[in-house]
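# Descriptive analysis of the structure
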Amino acid sequence: MATAPVKRITDIGPPHYEKFLHPMIKKNYGNWKYHETLAPGVLCHVAESGDRIYTVRAGSPRLLSVATIRLFADLADKYSGGYLRFTSRNNVEFLLEDKGNIEPLKRELAAAGFPVGGTNNAISNIVHTQGWVHCHSSATDASGIVKCVMDALYDRFTHEDLPAKLRIALACCLNMCGAVHCSDIAILGIHRRPPKILHETLRKVCEIPTVIASCPTGAIRSATVNGNPSVEVVEEQCMYCGNCYTVCPAMPLNDPENDGLSIWVGGKVSNARSAPTFSKLAIPFIPNNPPRWPEVVNAVVNIVDVYARNARRFERVGEWIDRIGWPRFFELTGIEFTRYHIDDFKYAGLTFARSAHLRY
Amino acid sequence: MADGNGKPKAQMLDELEKGPWPSFVKEIKKAAETSPVCHDLMGQLEVSYEEKRSHWKHGGIVGVLGYGGGVIGRYSDLPDQFPNVAHFHTLRVNHPSGWFYTSDALRTLCDIWERHGSGLTNMHGSTGDIVFLGTKTDELEPTFKELTEAGFDLGGSGSVMRTPSCCVGQARCEWACYDTMAACDDITRTYQDELHRPAFPYKFKFKFSGCPNDCVAAIARADLSIIGTWRDDIQQDDAAVAEYAASGLNIQKDVCNRCPTHCMEWDGKKLTIENKECVRCMHCINVMPKALRPGKEKGAAILIGAKAPILQGALLSSVLIPFVPAEELLDTLKELVSRIWDFWGEYGKNRERIGELIQRVGMANFLDGIGLDPVPEMVGSPRDNPYIYFQGKDGDQGT
Amino acid sequence: MAVAIEALADEMYKMVAETQGKKNLKALDLTKAMIAKYGEAECSKDDCKHAIRQLIDSGRCVYSYFGGSFITLPHKEGAAPE
């Protein structure tokens, strides 16, 4: 029996957060009164005690080298007593006690290429997945498209001039590690062809019952191939989810010519005004076109621009579309409505127009 | 794929250094200055850009001793061309609640990762972990040793409780209705075994949001979504409301008309809220943070079942317990989750999330199974189809 | 008398070895099998948890991942057993 090394530390959990809290945050923990926005990316939180803490938020590419993290650490030492945090959307936030440090910090961040913004009615950073940088099942890259889209929407990050918050997310396959399904605009990598079956590999590495059970639509059945047990895919039942590939590496479905992207709109997670809701299909397919994906960038920018021109104050993308109706959304954006926009999966009827409420 | 100088050829990726937004390609190049594996990463990524496909293989059978999660195995399918990324495993490092750090803590992490891996990270991954991107199998134990000595531990992957995450909460937000960071930290610590040693049918996520703005997307992304709310009246400062009006805010149009239940009236001088009809959506509070605040009787709603589409379609969480007072939250959560995990362990299939199990067996049967009474807050409306499964005389034929 | 943890671990190991290559077992499968065999009075979920921990910590079995986490015999390093 192999023995475990002595004194191996396990199961300690993360460091306790209290060690990392700015003294002013510790002092006023649970006793904040209100906050105001001093500029895009700059917040001031005021405590019951009268203390004020200033937050400067900057965008990051999420994929960070240790060199850049050390740069953030140095900036924190210089301007925020060494205290900083990250947001759920991969922004970095410096927590400042001294208001006078805001402008110098902003200047240094700008010089290093990190834009300050992303608050309130700005477009915050795009949450995204790994893509070709690190994922086996991705139908597209993630970091590259995010970079291109944010290049085009840069001013929307540094200005708060939209009618409401606008949250964009990207996932590079239907697994949605980035859970993009409730975003104002979701960019979703999709496969469009059934998996290719590598029968020789499958025989050696996969459990056939598990592969069959993995298919949500029952499209995989057992088959004998060259005298050996294997599986076959009923191609018209496959919706390219890749679940079989996840349980069995002998079912790859990467296909450069047919993989690409889809665009979804109108989702949200916040409960403000309307209830949280899923994003809905806007564009069923855009081919991969690296390195700059101009078609995807144009599609997203177009939706943002049309929304910005037409939505009323406080209307999120989905709330705006609720008011004007989907026909008008397609008309205003110039996006073609196709057969693919009509749901034909489970509970499809729930998205049909089941009333005579029609706008002409 | 190297040119005469040994530098990777990356014409397509070089395009992504252009433009105003911070460039991940620049980050990879920065890391490459001290880490040769990043040259091969660039090389392989360039090939992916040329061929429009991933060159990572299905992986996932590496880890540190004793843990079944926290490391994602990753292997190149071009190992001869890019030997330095033949293994390129990810470590998920459990982040501190609220993603707060000191500069020293960050430097410690950077030093460890520079010694043992690519020097590339995600701050942070989708679930919330610090992601250390790319190392070899032999480096996993040494990295883990240094991490634990520095007070960090791995996060979750596979069929475990995934690393819980939370919003900034009471650390810097006046709207937090319970201490999200303390709750997240406590649950993470209490269930270390469930986080590191896969014993579930599939993944299980907790997310803690302090108010219904839900800044960590708990309702969309967590099997158990804990969303702060309050039970009494919105705290209202009439003088501050008047100031907002005086400063040009159109209270009728921008506040009252946007209220989803129309529970507010503005007569030009005074705002009146019918709190019984308020659904705690946060809109009016978001618009007038100096004048309106969540009530004093604070706590959380517990919702269950959200997930992304794989397998049976995406789900949003739905209400399980409409309100738990803040001071009872952790005890309630622990009791609840032990019953949920028992039920899921008993009836869940491989790769079946709790939300999908509930869809399959029915919410009513699930409630019976965990010993919770049905309440009207759980539904948007009662059922509209007449196909009711009536129980037998004993009333226990449900499950 | 409760079944000894070591004995449970040995039984679990046997199950994993016998089904290797035919069916992947999860921690839950092993636990359910032991409880079915000995009854919950003799063999609790907690006992099973300890037995699994012993199997893994000793290196006799390892966790693997293929779209879900399984307990298997140690294998040669690689993306997938070839």
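Residues numbered from 1 in each chain as written. Chains lettered and ligands numbered in written order. Predicted model: local features only at pLDDT ≥ 70, side-chain atom pairs only at ≥ 80, totals over all residues. Heavy atoms only, no water.

Within the largest apolar cluster, 99 residues are counted, with the highest numbers of intra-cluster contacts made by B:Phe206 and B:Ile340. Looking at this core, the element that brings in the most residues is helix 12 (residues 329-347) of chain B, giving 8 residues. In terms of nonpolar packing, the next biggest core, distinct from the first, is built from 69 residues, A:Ile126, A:Ala142, A:Ile335 and B:Phe88 among them. (Core = buried A, V, L, I, M, F, W, Y, C linked by side-chain atoms within 4.5 Å. Buried < 20%, exposed > 50% of the residue type's maximum accessible area, 1.4 Å probe, protein only. Helix = DSSP H or I, 4+ residues; strand = E, 2+ residues; numbered from the N terminus.)

Further remarks concern the sheet that holds strand 4 (residues 89-93) of chain B. In space, the 5 strands of this open sheet follow the order 4(A)-6(B)-7(B)-4(B)-2(B), with antiparallel pairing throughout. Of all strands in the sheet, those with a lone pairing partner are strand 4 (63-65) of chain A together with strand 2 (71-72) of chain B, marking the two edges. The pairing of strand 6 (residues 120-123) of chain B with strand 7 (residues 130-135) of chain B spans 3 bridges and is classified as antiparallel. For B:Asn122, the partnering residue across the bridge sits in strand 7 of chain B and is B:Val131. Here helix 2 (residues 66-79) of chain A sits on the sheet and contacts strand 4 of chain A together with strand 6 of chain B; the angle it forms with strand 4 of chain A, its principal contact strand, is near 80°. Along the sheet, helix 2 (residues 24-32) of chain B makes contact with strand 4 of chain A together with strand 6 of chain B, crossing strand 4 of chain A at roughly 30°. (Pairing = 2+ DSSP bridges. Contact = heavy atoms within 4.5 Å. Axes fitted to C-alpha atoms, helices over the stretch in contact; angles between N-to-C directions.)

Here the focus is the environment of B:Leu372. Tracing the backbone through its elements, the reader meets B:Leu372 in the segment after helix 14 (363-370). Not counting residues up to four positions away in its chain, the partners in contact with B:Leu372 are B:Leu320, B:Ile321, B:Leu367 and B:Met378.

It is worth spelling out the confidence of the model for chain B at this point. Residues and elements named next belong to chain B. Averaged over chain B, the pLDDT score is 94; the fraction of residues at 70 or greater is 96%. Long-range and interchain partners of residues 1-5, a stretch whose pLDDT sits below 50, account for 8 contacts in this model, where long-range means more than four residues apart. Two summary scores accompany this predicted model of the complex, namely pTM at 0.95 and ipTM at 0.95. (pLDDT = per-residue confidence, 0-100.)

The next thing to look at is the packing of aromatic side chains. Tallying each qualifying case throughout the model produces 28 aromatic pairs over all chains. With centroids separated by 4.9 Å and ring planes inclined at 80°, the aromatic side chains of A:Phe157 and B:Trp21 adopt a geometry described as edge-to-face. Of this pair, A:Phe157 sits in helix 5 (residues 154-158) while B:Trp21 sits in the loop between helix 1 (11-14) and helix 2, on two different chains. Here B:Trp21 falls in the buried class, since its relative accessible area comes to 2%. Both rings, one in A:Tyr307 and one in A:Trp320, keep their centres 5.8 Å apart while their planes meet at 65°; by these two values the pair is edge-to-face. In this pair, A:Tyr307 is assigned in helix 9 (residues 294-310) and A:Trp320 in helix 10 (residues 317-324), connecting sequence segments 13 residues apart. There is no split in this pair, since A:Tyr307 and A:Trp320 are both buried. Connected via pairs of aromatic rings, a cluster forms that spans B:Tyr191, B:Phe200, B:Phe204, B:Phe206, B:Phe208, B:Trp341 and B:Trp344. (Phe/Tyr/Trp six-rings, centres within 6.5 Å; stacked < 30°, edge-to-face > 60°.)

Taken together, the contact between chain A and chain B spans 112 residues of the former and 115 residues of the latter. Each partner contributes to the roughly 10100 Å² buried at the junction of chain A and chain B, and carbon and sulfur atoms together form 60% of this total. Across the contact surface, chain A and chain B share 11 salt bridges. Among the salt bridges present, the one from A:Glu36 reaches B:Lys290, with a minimum N-O distance of 2.9 Å. Remark: the boundary between chain A and chain B carries 65 residue pairs in polar contact (both at pLDDT 80 or more). Top element by residues in the side of chain A that touches chain B is helix 2 of chain A. It accounts for 8 residues. Grouping the amino acids of the side of chain A that touches chain B by side-chain chemistry returns 55 nonpolar, 36 polar and 21 charged. As defined by bridge partners, strand 5 (residues 83-86) of chain A adjoins strand 5 (residues 100-102) of chain B across 3 bridges and the pair is classed as antiparallel. When the bridges of strand 5 of chain B are listed, A:Tyr83 appears paired with B:Thr102. (Buried area = accessible area lost by both parts, 1.4 Å probe. Salt bridge = Lys/Arg side-chain N within 4 Å of Asp/Glu carboxyl O. Polar contact = N/O pair within 3.5 Å; in protein donor to acceptor, adjacent residues only side chain to side chain. Nonpolar A, V, L, I, M, F, W, Y, C, P; charged D, E, K, R; others polar.)

This part is about the pattern of salt bridges. One pass over the full model with this rule turns up 52 salt bridges over all chains. Residue B:Glu27 pairs with B:Lys30 through a salt bridge whose shortest N-O separation is 3.6 Å. Of this pair, B:Glu27 and B:Lys30 both sit in helix 2, 3 residues apart, which is roughly one turn of that helix. Here B:Lys30 falls in the partly exposed class, since its relative accessible area comes to 29%. When the shortest N-O distance is used, the salt bridge between B:Asp77 and B:Arg53 registers 3.7 Å. Residue B:Asp77 is found in the loop between strand 3 (75-76) and strand 4, and its partner B:Arg53 is found in the loop between helix 3 (37-51) and strand 1 (56-57); the two are separated by 24 residues along the sequence. Residue classification places B:Asp77 among the partly exposed residues on the basis of a relative accessible area of 28%. It is possible to trace a salt-bridge network through shared partners that takes in A:Asp11, B:Asp193, B:Glu194, B:Arg197, C:Lys49, C:Arg53 and C:Asp57.

Looking at the secondary structure, you find B:Thr272 in strand 13 (residues 271-273). By relative accessible area, which is 46% here, B:Thr272 ends up partly exposed.

Attention now moves to the packing of helix 6 (residues 180-190) of chain B against helix 12 of chain B. Residues and elements named next belong to chain B. Look at helix 6 against helix 12: their axes get within 11 Å of each other, and the N-to-C directions meet at 35°. Two packed elements cross with a definite hand, and for helix 6 against helix 12 that hand is right-handed. Residue-level contacts link Ala-183, Asp-186, Ile-187 and Thr-190 of helix 6 to Leu-330, Leu-333 and Lys-334 of helix 12. Among the residues forming the contact of helix 6 with helix 12, the class breakdown is 4 nonpolar, 1 polar and 2 charged. (Left-handed = near helix turned anticlockwise from the far one by under 90°.)

Okay, the state of the cysteines next. Residues and elements named next belong to chain A. Tallying each qualifying case throughout the model produces 1 disulfide over all chains. For Cys-206, the disulfide goes to Cys-248, at an S-S distance of 2.1 Å. Between Cys-206 and Cys-248, the S-S dihedral sits near 80°, and the bridge is therefore right-handed. On the criterion of sequence distance, the pair formed by Cys-206 in the loop between helix 6 (199-205) and helix 7 (208-214) and Cys-248 in the loop between helix 8 (243-247) and strand 12 (260-265) is long-range, its members being 42 residues apart. (Disulfide = S-S within 2.5 Å.)

Here the focus is helix 12 of chain B. Along its 19 residues, helix 12 of chain B runs 27 Å from first to last C-alpha, staying within 8% of the 27 Å computed at 1.5 Å per residue. Those residues of helix 12 of chain B lying buried are B:Leu329, B:Leu333, B:Leu336, B:Val337, B:Ile340, B:Trp341, B:Phe343, B:Trp344 and B:Gly345. (Expected span 1.5 Å × (residues − 1).)

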